[in-house]
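Understanding the architecture of this molecule
So the chains spell out like this:
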Amino acid sequence: MSHGNPPPSPHHLDYLLPWQSSEQAPPDRPPSPTDAPATAPGRHSDLRRLRTAYRLLRRIATFTALGYFVAFLLLSGFAKELMDVPLFGGLNLGVALGLLQLPVTVLAIVVYERTARRTVDPLAARIRRAGAAR
């Protein structure tokens, strides 16, 4: 009776995902906790920075788009006289602010993407490179 690892399954390649090659085949046994490499000293602080940057970015984009919408709703509900102010032609302030909702949302998305590329993506790439180097 052997207490070692079981022999590798001949069908272990059946579990490959479509984009994986046979060189990326999963191991025959799950790695034990003792097989795991030690975490690099700065890795936790990098992950914390990445989480913080992503959380801040997400909150700013969300509050920009939702904040404008909530302000529009509050003005519509409580400042009807202000929303009825004519601007030009048949357009009043309420309709103009309503039409601006889409550009404000698109602007929030564009700023989110640009800021993510400048701040969050480089942090994620650095963490990914550090993980691959181990």
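Because the structure is a prediction, the values reported are computed rather than measured. (Residues numbered from 1 in each chain as written. Predicted model: local features only at pLDDT ≥ 70, side-chain atom pairs only at ≥ 80, totals over all residues. Heavy atoms only, no water.)

Counting 8 residues, the largest nonpolar core is built from Leu50, Ala53, Leu57, Ala116, Val120, Leu123, Ala124 and Ile127. Considering each element in turn, this core owes the most residues, 5 residues, to helix H4 (residues 101–133). Not counting the four nearest positions on each side in its chain, Ala53 is found in contact with Val120 and Leu123. (Core = buried A, V, L, I, M, F, W, Y, C linked by side-chain atoms within 4.5 Å. Buried < 20%, exposed > 50% of the residue type's maximum accessible area, 1.4 Å probe, protein only. Helix = DSSP H or I, 4+ residues; strand = E, 2+ residues; numbered from the N terminus. Contact = heavy atoms within 4.5 Å.)

A contiguous patch of positive charge, built from Arg48, Arg51, Arg55, Arg58 and Arg59, is present on the exposed surface. Relative to the assigned elements, Arg59 resides in helix H1 (residues 43–78). The class of Arg59 is partly exposed, set by a relative accessible area of 47%. (Patch = residues over 30% accessible without salt bridge, like charges linked within 9 Å, V, L, I, M, F, W, Y side chains within 5 Å. Areas by Shrake-Rupley, 256 points an atom, 1.4 Å probe, with all protein chains shown as cover. Salt bridge = Lys/Arg side-chain N within 4 Å of Asp/Glu carboxyl O. Lys, Arg positive; Asp, Glu negative; His and termini not counted. Charge placed at Lys NZ, Arg CZ, Asp CG, Glu CD.)

Turning next to the side chain of Gln101. Mapping Gln101 onto the fold places it in helix H4. Gln101 gets classed as buried once you look at its relative accessible area, which sits at 17%. Residues contacting Gln101, with those up to four places away along its chain left out, are Ala65, Tyr68 and Phe69.

Along its 33 residues, H4 runs 46 Å from first to last C-alpha, staying within 8% of the 48 Å computed at 1.5 Å per residue. Where H4 bends most, the angle comes to about 45°, and this point is Ala116. Listed as buried for H4 are Gln101, Val104, Ala108, Ala116, Val120, Leu123, Ala124 and Ile127. (Expected span 1.5 Å × (residues − 1). Bend = angle between axes of the 7 residues up to and from the residue.)

Moving on to the pattern of salt bridges. Going through the model one piece at a time under the given rule, you end up with 3 salt bridges. Notably, a salt bridge pairs Arg49 with Asp46, separated by 2.6 Å at the nearest N-O pair. With Arg49 and Asp46 both in helix H1 and 3 residues apart, this pair spans about one turn of that helix. Relative accessible area serves as the criterion here: at 42%, Arg49 is assigned to the partly exposed category. Take Asp46: its relative accessible area is 15%, and that puts it in the buried class. For Arg117, the salt bridge identified is with Glu113, shortest N-O distance 3.7 Å. Of this pair, Arg117 and Glu113 both sit in helix H4, 4 residues apart, which is roughly one turn of the helix. Using a relative accessible area of 53% as the deciding quantity, one classes Arg117 as exposed. Overall, the relative accessible area of 37% leaves Glu113 in the partly exposed class. Beyond isolated ion pairs, a larger network of salt bridges with shared partners links Asp46, Arg49 and Arg126.

Another point: the side chain of Asp46. In terms of polar contacts, Asp46 uses its side chain to reach the side chain of Arg126, at 3.4 Å. Setting aside anything within four residues of it in sequence, one finds Asp46 in contact with Arg126 and Ile127. (Polar contact = N/O pair within 3.5 Å; in protein donor to acceptor, adjacent residues only side chain to side chain.)

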